[in-house]
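# Residue-level structure breakdown
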Amino acid sequence: MKANLEEIYKNIEQAALKTGRSPEDITLIAVTKTVDVDVINEAIELGVNNIGESRVQEILRKYDLVKDGPTWHMIGHLQTNKVKYIIDKIDLIHSLDRLSLAQELQKRAQQHNIFVNALIQVNIAEEESKYGLYGDAVIPFIEEIIKYPKIKIKGLMTIAPYAENPEEIRYVFRQLKELSEELKKREYPNVEMKYLSMGMTNDYKIAIEEGSNMVRIGTGIFGRRSY
Ligand SMILES: *Cc1c(COP(=O)(O)O)cnc(C)c1O
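First things first, this report covers the structure right here in the doc. Because the structure is a prediction, the values reported are computed rather than measured.

### Examining the packing of aromatic side chains
Across all of its chains, the model carries one aromatic pair by this definition. The interplanar angle of 40° and the centroid separation of 5.2 Å between the aromatic rings of Tyr63 and Trp72 together place this pair among those described as tilted. For Tyr63, a relative accessible area of 25% gives the class partly exposed. Overall, Trp72 belongs to the buried group, its relative accessible area being 3%. The aromatic ring of Tyr63 is capped on one face by Lys89, whose charged end is 5.5 Å from the ring centroid. Across the ring face of Phe115, the terminal group of Lys150 is positioned such that the distance to the ring centre comes to 4.7 Å.

As structure tokens, this is what we get:
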């Protein structure tokens, strides 16, 4: 795992420098779904401080056992009826993709008297099997979301289609970046385009070249998942 992380940090650095950015501007999220707590804690000892999980059950099971209070990211589809379990545990929700979820986040955040930080999940490639708003639905969605004062939009997230050759999906990352630039210009209240969460094991180098500053890597750190 140490060697894997070193390799990834090196690649992040190269991709960042290639686009004139500093490697420190890029957050590595270790995707720990299916990974045991012992292994997660080892990763934390090696310097990992951002953890990504995709299932509420798993977050609840691991939350108190993971050391050193890392930053927790919810990267998977979030069911409305489960928001209440994680609202006070997750630092950034990457999968805000519908108004019913926004309503529930607003309600629970209000109850806890906190703000909730979220990214809007965008299905750039318009794959039917995936969650996320289509690109042209994002602006109308944000214009609704700004009515929910407890939700702070911190950027956009996408999951690119799997491609043997990730060059084929470079356009996905480019389009998400363009969308974030467009949104920046509009200066909506409570909407910041601080994070672009894009890039996974197979495609993070290209995602960074196209402007990602948050990569979500599981397999590249922990090896293949066994479900
Ligand atoms: C599982 C998962 C990842 C990590 O994928 P790897 O290919 O293992 O790096 C990233 N993002 C999301 C949303 C995931 O569900």
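Having seen it, we continue.
### Quick word on the site of the ligand
As a matter of local geometry, the ligand sits amid Val31, Lys33, Ile75, Ile159, Met200, Thr201, Arg216, Ile217, Gly218, Thr219 and Arg225. Separating an oxygen atom of the ligand from a side-chain N or O atom of Thr201 is a distance of 2.4 Å. Look at the ligand: alone it shows 390 Å² of surface, and the protein chains cover 88% of it. Split into classes, the residues belonging to the shell around the ligand amount to five nonpolar, three polar and three charged.

### Quick look at helix H5 (residues 99-112)
Taking 1.5 Å per residue as the helical rise, H5 with its 14 residues ought to reach 20 Å, and the 20 Å between its terminal C-alpha atoms agrees with that figure. By the burial criterion, the buried members of H5 are Leu101, Ala102, Glu104, Leu105, Gln106, Arg108 and Ala109. Buried positions along H5 lie against helix H4 (83-86), strand S4 (92-96), strand S5 (116-121), helix H6 (138-145) and strand S6 (151-157). Within two residues after H5, Asn113 carries a phi angle of roughly 55°, on the positive side.

### Structural notes on the pattern of salt bridges
Within the structure shown, the criterion is met by 19 salt bridges. Close ionic contact of Glu104 with Arg108 constitutes a salt bridge, the shortest N to O distance being 2.7 Å. Placement of the pair is Glu104 and Arg108 together in helix H5, with a separation of four residues, close to one helical turn. Close ionic contact of Glu181 with Lys177 constitutes a salt bridge, the shortest N to O distance being 3.0 Å. Taken together, the residues span about one helical turn, with Glu181 and Lys177 both in helix H7 (residues 170-186) at a distance of four residues. Salt bridges here are not isolated pairs; linked through shared partners, they connect Lys18, Glu167, Arg170, Arg174, Glu209 and Glu210.

### Focus on the packing of H6 against H7
Running from amino to carboxyl end, H6 crosses H7 at an angle of 40°, the nearest separation of the two axes being 11 Å. By the angle between their directions, the pair H6 and H7 is classed as oblique. H7 is crossed by H6, and the crossing has right-handed handedness. Contacts from Val138, Ile139, Ile142 and Glu143 in H6 reach Leu179, Glu182, Leu183 and Arg186 in H7. Here the residues of the contact of H6 with H7 are counted per class, giving five nonpolar, no polar and three charged.

Thresholds applied
- Residues numbered from 1 in each chain as written.
- Predicted model: local features only at pLDDT ≥ 70, side-chain atom pairs only at ≥ 80, totals over all residues.
- Heavy atoms only, no water.
- Phe/Tyr/Trp six-rings, centres within 6.5 Å; stacked < 30°, edge-to-face > 60°.
- Buried < 20%, exposed > 50% of the residue type's maximum accessible area, 1.4 Å probe, protein only.
- Lys NZ or Arg CZ within 6 Å of the ring centre and 35° of its normal.
- Near = heavy atom within 4 Å.
- Polar contact = N/O pair within 3.5 Å; in protein donor to acceptor, adjacent residues only side chain to side chain.
- Areas by Shrake-Rupley, 256 points an atom, 1.4 Å probe, with all protein chains shown as cover.
- Nonpolar A, V, L, I, M, F, W, Y, C, P; charged D, E, K, R; others polar.
- Helix = DSSP H or I, 4+ residues; strand = E, 2+ residues; numbered from the N terminus.
- Expected span 1.5 Å × (residues − 1).
- Contact = heavy atoms within 4.5 Å.
- Salt bridge = Lys/Arg side-chain N within 4 Å of Asp/Glu carboxyl O.
- Axes fitted to C-alpha atoms, helices over the stretch in contact; angles between N-to-C directions.
- Parallel < 35°, antiparallel > 145°, perpendicular 65-115°, else oblique.
- Left-handed = near helix turned anticlockwise from the far one by under 90°.

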